[in-house]
Amino acid sequence: MQHTDIDGGALQRFDLEDLIDQHGGPLRLIGVDLSGADLSRMVLDHWVFERCILVQTSFLGSRLEGTQWKSCRAGHAIFEAANLLEAQFHSCDLNNTRWQRSKLSQASFEHCKLTGANFTHCASLGLSFSETRLNSAFLSGLSFARTVLNNLDFSDSDLSDADFRKAELIDCSLAHARINGANFAGADLRGADLSGFRLNDAKLFKGAVISKAQASMLLSELGLSVA
């Protein structure tokens, strides 16, 4: 798809509206500062955001289908109720972003920071994360079923009612996460850090596969060891 490049500068909503009128097709914004801009309910399908500053920018209810986000800084940005079908995020700082009620089917996050992000009530079929920090994030009800989860930090996050059935966790951390109601049936947790869980939490991992070392950790509070 052909894009028109827009390099640098600080822009607001009316600037983007002018650019849309001028160029018609999708734009590639490179190094553009949109901090604090109200871009709610705009139609930005298939745009590319590269090295942009999007701190506290609002995309509330916007159409962002097929967008690409590369090395952007977007702390506290708002993506609530936005359409992000097949959007791709790579190496972005998205700490404390808000995604409630957004459409994230087939979207992907790779090498991103999502500390404190809120993903409650999202449409997430096919949503994927890889090598991403999700510590202290709100992920209740999300489905990770039948996926390979690689190098994800879920520590201190809210994973209540999440679906991990038959998922494989590799170099992941679930340390001190809230997992009440989560489904781990058939999940392989041998590559996960389970720090902070005790023996009375073991029932929350019902149906999962854990290692001898993990079992030993859960039993250690009773003074027992696994030979």
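Throughout what follows, the structure given in this document is the object of discussion. (Residues numbered from 1 in each chain as written. Predicted model: local features only at pLDDT ≥ 70, side-chain atom pairs only at ≥ 80, totals over all residues. Heavy atoms only, no water.)

**Description of the overall build of the protein**
Scanning the protein for helices and strands turns up 2 helices and 11 strands. Sequence-ordered secondary structure for the protein, helices as α and strands as β, is β-α-β-β-β-β-β-β-β-β-β-β-α. Viewed in the frame of its principal axes, the protein has a C-alpha envelope of about 70 × 25 × 25 Å. The buried share of the protein, reckoned over its 227 residues, is 46%. In the protein, of all internal contacts separated by at least 6 residues, the share reaching a separation of at least 24 is 6%. When the accessible surface of the protein is totalled, it reaches about 10600 Å², and 46% of it is carbon and sulfur. Looking at the protein, you have 21 positive and 27 negative side-chain charges, and the mean spots of the two groups are 7 Å apart. (Helix = DSSP H or I, 4+ residues; strand = E, 2+ residues; numbered from the N terminus. Buried < 20%, exposed > 50% of the residue type's maximum accessible area, 1.4 Å probe, protein only. Contact = heavy atoms within 4.5 Å. Areas by Shrake-Rupley, 256 points an atom, 1.4 Å probe, with all protein chains shown as cover. Lys, Arg positive; Asp, Glu negative; His and termini not counted. Charge placed at Lys NZ, Arg CZ, Asp CG, Glu CD.)

**Here's the deal with the environment of Asp-18**
With respect to the helices and strands, Asp-18 occurs in helix H1 (residues 13-23). Taking C-alpha positions, Asp-18 is 20 Å from Thr-67, a pair spaced 49 residues apart along the chain.

**Looking at the pairing of strand S2 (residues 27-30)**
Alignment of strand S1 (residues 4-7) against S2, held across 4 bridges, turns out to be parallel. Bridge pairing in S2 links Thr-4 to Leu-27. (Pairing = 2+ DSSP bridges.)

**Thoughts on the state of the cysteines**
Tallied over the full model, the rule gives 0 disulfides. Unpaired in this structure, Cys-72 has its nearest cysteine sulfur neighbour in Cys-92, at a distance of 4.5 Å. With no disulfide partner, Cys-112 has as its closest neighbouring cysteine sulfur the one in Cys-92, 4.9 Å distant. (Disulfide = S-S within 2.5 Å.)

**Details of the packing of aromatic side chains**
Here the structure, examined in full by the defined rule, presents 23 aromatic pairs. Taking 5.5 Å as the distance between ring centres and 85° as the angle between the ring planes, the aromatic pair formed by Phe-89 and Trp-99 counts as edge-to-face. Of the two residues, Phe-89 is situated in strand S5 (residues 88-90) and Trp-99 in the loop between S5 and strand S6 (108-110); the sequence distance between them amounts to 10 residues. Each member of the pair, Phe-89 together with Trp-99, is buried. (Phe/Tyr/Trp six-rings, centres within 6.5 Å; stacked < 30°, edge-to-face > 60°.)

**Some thoughts on the nonpolar core**
Side chains that are nonpolar tend, in soluble globular proteins, to be buried together. If you look at the biggest cluster of nonpolar residues, it comprises 66 residues, and the most contacted ones within it are Trp-99, Phe-109, Phe-119 and Leu-174. Other than its neighbours up to four places away in sequence, Phe-119 contacts Trp-99, Leu-104, Phe-109, Leu-114, Phe-129, Leu-134, Phe-138, Leu-139 and Leu-142. (Core = buried A, V, L, I, M, F, W, Y, C linked by side-chain atoms within 4.5 Å.)

**A few points about unusual backbone geometry**
The backbone of Glu-86 sits at a positive phi, close to 65°, despite the residue not being glycine. Residue classification places Glu-86 among the partly exposed residues on the basis of a relative accessible area of 45%. Phi at Asp-171 is positive, roughly 55°, even though this residue is not glycine. Mapped onto the fold, Asp-171 is located in the loop between strand S9 (168-170) and strand S10 (172-173). On the basis of relative accessible area, Asp-171 is assigned to the exposed category, the value being 56%.

**Thoughts on the sheet that holds S6**
As summarised here, the arrangement of the 7 strands in space is S1-S2-S3-S4-S5-S6-S7, forming an open sheet in which the pairing is parallel. The outermost strands of the open sheet, each flanked by one partner alone, are S1 and strand S7 (128-130). Along the sheet, successive strands turn relative to each other by an average axial angle of 10°, direction set aside. Inspection of the sheet shows S2 paired to strand S3 (residues 48-50) by 3 bridges, in the parallel sense. Pairing of Leu-29 across the sheet is with Phe-49, part of S3. (Axes fitted to C-alpha atoms, helices over the stretch in contact; angles between N-to-C directions.)

**Here's the deal with the environment of Gln-2**
On the secondary structure map, Gln-2 appears in the segment before S1. Each C-alpha atom of the pair Gln-2 and His-46 lies 10.0 Å from the other, and the pair is 44 residues apart in sequence.

**Focus on the pattern of salt bridges**
Close approach of charged atoms allows side chains of opposite charge to pair. By the definition in use, this model includes 8 salt bridges. Across the salt bridge formed by Glu-17 and Arg-13, the nearest N and O atoms sit 3.1 Å from each other. Of this pair, Glu-17 and Arg-13 are both found in helix H1, 4 residues apart, which corresponds to roughly one turn of the helix. The class of Glu-17 is partly exposed, set by a relative accessible area of 33%. Assessed through its relative accessible area of 26%, Arg-13 is described here as partly exposed. Across the salt bridge formed by Glu-80 and Arg-98, the nearest N and O atoms sit 2.4 Å from each other. Placement of the pair is Glu-80 in the loop between strand S4 (68-70) and S5 and Arg-98 in the loop between S5 and S6, with a sequence separation of 18 residues. Of the residues examined, Glu-80 reaches a relative accessible area of 9% and is grouped as buried. Here Arg-98 falls in the partly exposed class, since its relative accessible area comes to 38%. (Salt bridge = Lys/Arg side-chain N within 4 Å of Asp/Glu carboxyl O.)

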